[in-house]
Protein chains: 2
Amino acid sequence: MYNLGMDTRTRLVNVAQDLLWERGYAATSSKEILNRANVGQGSMYHHFSGKRDLAAAALEQSAAAMRAEAEALLAADGTSVERVISYLERQRDSLRGCRMGRMTYDADVLATPELLRPVAETLGWIVGALADVVRQGIEAREFRHETDPEQLASMVVATVQGGYVLARAQQNPAAFDAAVAGAASLIRQQAGG
Amino acid sequence: MYNLGMDTRTRLVNVAQDLLWERGYAATSSKEILNRANVGQGSMYHHFSGKRDLAAAALEQSAAAMRAEAEALLAADGTSVERVISYLERQRDSLRGCRMGRMTYDADVLATPELLRPVAETLGWIVGALADVVRQGIEAREFRHETDPEQLASMVVATVQGGYVLARAQQNPAAFDAAVAGAASLIRQQAGG
DNA sequence: GTCTATAAAAAGATAGAC
DNA sequence: GTCTATCTTTTTATAGAC
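The rules behind the values
- Residues numbered from 1 in each chain as written.
- Chains lettered and ligands numbered in written order.
- Predicted model: local features only at pLDDT ≥ 70, side-chain atom pairs only at ≥ 80, totals over all residues.
- Helix = DSSP H or I, 4+ residues; strand = E, 2+ residues; numbered from the N terminus.
- Buried ≥ 20, exposed ≤ 12 C-beta atoms within 10 Å, placed from the backbone.
- Contact = placed C-beta atoms within 7 Å.
- Near = placed C-beta within 6 Å.
- Nonpolar A, V, L, I, M, F, W, Y, C, P; charged D, E, K, R; others polar.
- UniProt positions renumbered as here; feature names shortened; annotations may be inferred.
- Least-squares fit on C-alpha atoms with pLDDT ≥ 70 in both.

Per an unreviewed UniProt entry, chain A carries the name TetR family transcriptional regulator and comes from Peptidiphaga gingivicola.

Structure, rendered in structure tokens:
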């Protein structure tokens, strides 16, 4: 799974990415990472200064991946309205939640600048990128000219993030789908669809 | 703070409520609860079977409080649209986040039925109560008749939950305010405001 | 009913052999 | 570069005095 031709350092980072997504920072032990990566304790301390340092590398990599996915989605063809809706309705494993958003409820992450930074930057970047799409949509007269791009973009990202919370609470992806459908429906209406 | 005329059991539950909100379940140690409540270790094991049992009592109490707040808000005077908007724009300490919603990113909570139940029930109840308000608004012709009450209600609660995530990521309440304003604006438009 | 003392396990980190 | 052995602290839980 994790040790097919990858070097030790890469395996450690990949496993840490998965465990941070599944269990968060505080609830993930170094030992669990080492076991899953089939690596001895000494190797981690050779490549990293400790658990926090490894987690920082893992979060940076997850942040880059998430940003790349969003970048591809928002740069695709289609009208502005279509691209905003496609961000909302993109196929997601909603019970897994967001690997960046979930970190905001990990007290140790909030208290550790190098762990919080990738989270803040990634979510901030996505809101900004969506706001740009909305601005284009206003110029193209797809959205009403009174539309506040930053507010609409924030609402879209918040709906997705909050949809994860609702779905995980019910252990049912339908709760996520309902929230997203509600947002998409309102956006289509105001765009005159 | 916590030991002014309250009995030991009550103090333990109140402190546990606060710490679960601040740090979650896994990251809160029994010792931290006992210290803040000024209670010896033996007392906790006299009143509760252990940390999980105390946390379950604390979450039940927080769930009841949160539901009571929402109940009061949604039962207030005003049109349906006004009541939905008032839920969105209610004054909140947005950097603190939601004491129920945050638990969905605590792996131990998801794996422990007695801890997950109050979370699932409370968020489910709020979505249902908001959907009822929307249904009244459709009958009163405030909302378009094609409006899906469950979807709109889910979107409203998700916007709030996701707004917390955005605000905590940026450590800035403005991110929450923007998301909520975006949702309120779309709802007012579709309601012909 | 409340306390302290203690146990047993798990955590993060270090030392040093290979 | 990687491993195992060990140390220190913290965590949850139990025992038993008062």
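Let's pick the thread back up.
> So what exactly am I meant to see when it comes to the overall build of chain A here?
Helix and strand counts for chain A come out as nine helices and zero strands. Principal-axis analysis of the C-alpha atoms gives chain A an extent of 60 × 35 × 30 Å. Residues counted as buried form 47% of the 193 residues belonging to chain A. Sequence separation of at least 24 residues holds for 64% of the intrachain contacts in chain A that already meet a minimum separation of 6.

> Sorry if this is basic, but what is going on with the protein's contact with DNA strand D here?
The environment of DNA strand D is made up of 16 residues, and the closest members are A:Gly40, A:Gly42, A:His46, B:Ser29 and B:Gly50. Within the residue set of the surface near DNA strand D, elements represented by two or more residues are α3 (41-47) of chain A together with α2 (30-37) and α3 (41-47) of chain B. Its residues assigned to classes, the surface near DNA strand D shows two nonpolar, 11 polar and three charged.

> Sorry if this is basic, but what is going on with the UniProt feature "DNA-binding region" (unreviewed entry) in chain A here?
The UniProt entry lists residues 29-48 of chain A under the feature "DNA-binding region" (unreviewed entry), expressed in the numbering used here. Spanning residues 29-48 of chain A, this segment combines 75% helix with 0% strand, and its end C-alpha atoms are found 15 Å apart.

> Even after reading the chapter, I still don't get the relation of the copies chain B and chain A, so can you show me in this structure?
A rotation about some axis, followed by a shift along it, carries one copy of the chain onto the other. Each copy superposes on the other: chain B lies on chain A with an RMSD of 0.0 Å after a rotation of 180° and an axial shift of 0.0 Å. These values place the two chain copies in the arrangement generated by a two-fold rotation axis. By C-alpha distance to the rotation axis, the residue of chain B lying nearest is B:Gly162, at 1.9 Å. Of all interface residues in chain B, 100% are interface residues in chain A too; the two copies therefore contact each other through one and the same surface.

> What should I look at first to understand the interface of chain B and chain A in this one?
As a measure of interface size, the accessible area lost when the parts come together is often cited. Of the residues lining the interface, 46 residues belong to chain B; the matching set on chain A comes to 46 residues. Broken down by element, the side of chain B that touches chain A gets its largest block of residues, 17 residues, from helix α8 (residues 149-170) of chain B. Taken together, the residues of the side of chain B that touches chain A sort by class into 23 nonpolar, 16 polar and seven charged.

> Teacher, can you tell me more about the protein's contact with DNA strand C here?
Near DNA strand C, the surroundings consist of 16 residues, among which A:Gly50, B:Thr8, B:Gly40, B:Gly42 and B:His46 are the closest. Top element by residues in the surface near DNA strand C is α3(B). It accounts for four residues. Taken together, the residues of the surface near DNA strand C sort by class into two nonpolar, 11 polar and three charged.

> I'm lost on the environment of A:Glu114 in this one. Help?
Within the secondary structure, A:Glu114 sits in helix α7 (residues 113-139). Remark: the alpha-carbon pair of A:Glu114 and A:Ala55, spanning 59 residues in sequence, is separated by 9.3 Å.

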